[in-house]
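Here is what each chain is made of, one letter per residue.
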Amino acid sequence: MTPRKSRPVGAAKPDPALEETLERIARETLNIETLKTRNSDSLDFHEVAVWRLKEALNAAYQAGLSSASSARSK
């Protein structure tokens, strides 16, 4: 019996609404134009202040809470 290969972390089909939410948070909070890989260090790696990262994580958390509560009310 051969061991099962684990799926890569990003293998699942992304949810378009989630992708748009993350892109919006990146643009508005971190001043990152896109989250798409562009194969260029200057475009794919960003220096971010910890307080901006905290704001972005908080925005993502709040978006998740909002999404979960709206899903429950359906």
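Going by the structure above, here's the rest.
The present account deals with the structure reproduced in this document. All figures in this text were calculated on a predicted structure; none of them were measured in a lab. (Residues numbered from 1 in each chain as written. Predicted model: local features only at pLDDT ≥ 70, side-chain atom pairs only at ≥ 80, totals over all residues. Heavy atoms only, no water.)

**Overview of the pattern of salt bridges**
Two side chains carrying opposite charge are able to pair once their charged atoms lie near each other. Just so we agree on the cut-off: By convention in these notes, a salt bridge is any Lys or Arg side-chain nitrogen within 4 Å of a carboxyl oxygen on Asp or Glu. A helix here means a DSSP run of H or I that spans at least four residues, while a strand means a run of E at least two residues long, and both kinds are numbered starting from the N terminus. Only protein chains enter the accessibility calculation, which uses a 1.4 Å probe. A residue is then buried if its area is under 20% of the maximum for its type, exposed if over 50%, and partly exposed in between.
Across all of its chains, the model carries 4 salt bridges by this definition. Across the pair Glu28 and Arg24 runs a salt bridge, and its minimum N-O distance is 3.4 Å. One end of the pair is Glu28 and the other is Arg24, both in helix α1 (residues 16-30) and 4 residues apart, which spans about a single turn. On the basis of relative accessibility, which here comes to 53%, the residue Glu28 falls in the exposed class. Arg52 is the partner of Glu55 in a salt bridge, and the nearest nitrogen-oxygen pair spans 3.0 Å. Of this pair, Glu55 and Arg52 both sit in helix α3 (residues 50-72), 3 residues apart, which is roughly one turn of that helix.

**Considerations on the side chain of Glu23**
So the rule is basically this: Throughout, a residue-residue contact means that at least one pair of heavy atoms, one from each residue, lies within 4.5 Å.
You can see Glu23 is positioned in helix α1. For Glu23, the contacting residues outside a window of four places in its chain are Glu33, Thr34, Leu35 and Lys36.

**With respect to a nonpolar patch on the surface**
Selection rule: Residues form patches when they are more than 30% accessible in relative terms and have no salt bridge. Like charges link within 9 Å. Nonpolar side chains (Val, Leu, Ile, Met, Phe, Trp, Tyr) link within 5 Å. Areas reported as accessible are Shrake-Rupley estimates using a 1.4 Å probe. Residue values count occlusion only from the protein chains shown.
Residues Leu18, Leu22 and Leu35 make up a contiguous nonpolar surface patch of roughly 250 Å² in combined accessible area. Locating Leu18 in the fold gives a position in helix α1.

**Considerations on α1**
Note the following rule: Take the residue count of a helix, subtract one, and multiply by 1.5 Å to get its expected span. This arc is taken over the directions from the axis of the helix to the C-beta atoms.
A rise of 1.5 Å per residue sets the reference length of α1, with its 15 residues, at 21 Å; its end C-alpha atoms lie 20 Å apart and thus fit the reference within 8%. Of all the residues in α1, the buried ones are Glu23, Ile25, Ala26, Thr29 and Leu30. Taken end-on, α1 shows its buried residues confined to a sector of 160°, consistent with a single buried face. For α1, the exposed residues set more than 90 degrees away from the buried face come down to Pro16 and Glu28. Contacts from the buried residues of α1 go to α3.

**Looking at the side chain of Thr29**
Note that Thr29 resides in helix α1. You can call Thr29 buried: its relative accessible area is 12%. Every residue in contact with Thr29, bar those within four places of it in the chain, is listed here: Arg52, Glu55 and Ala56.

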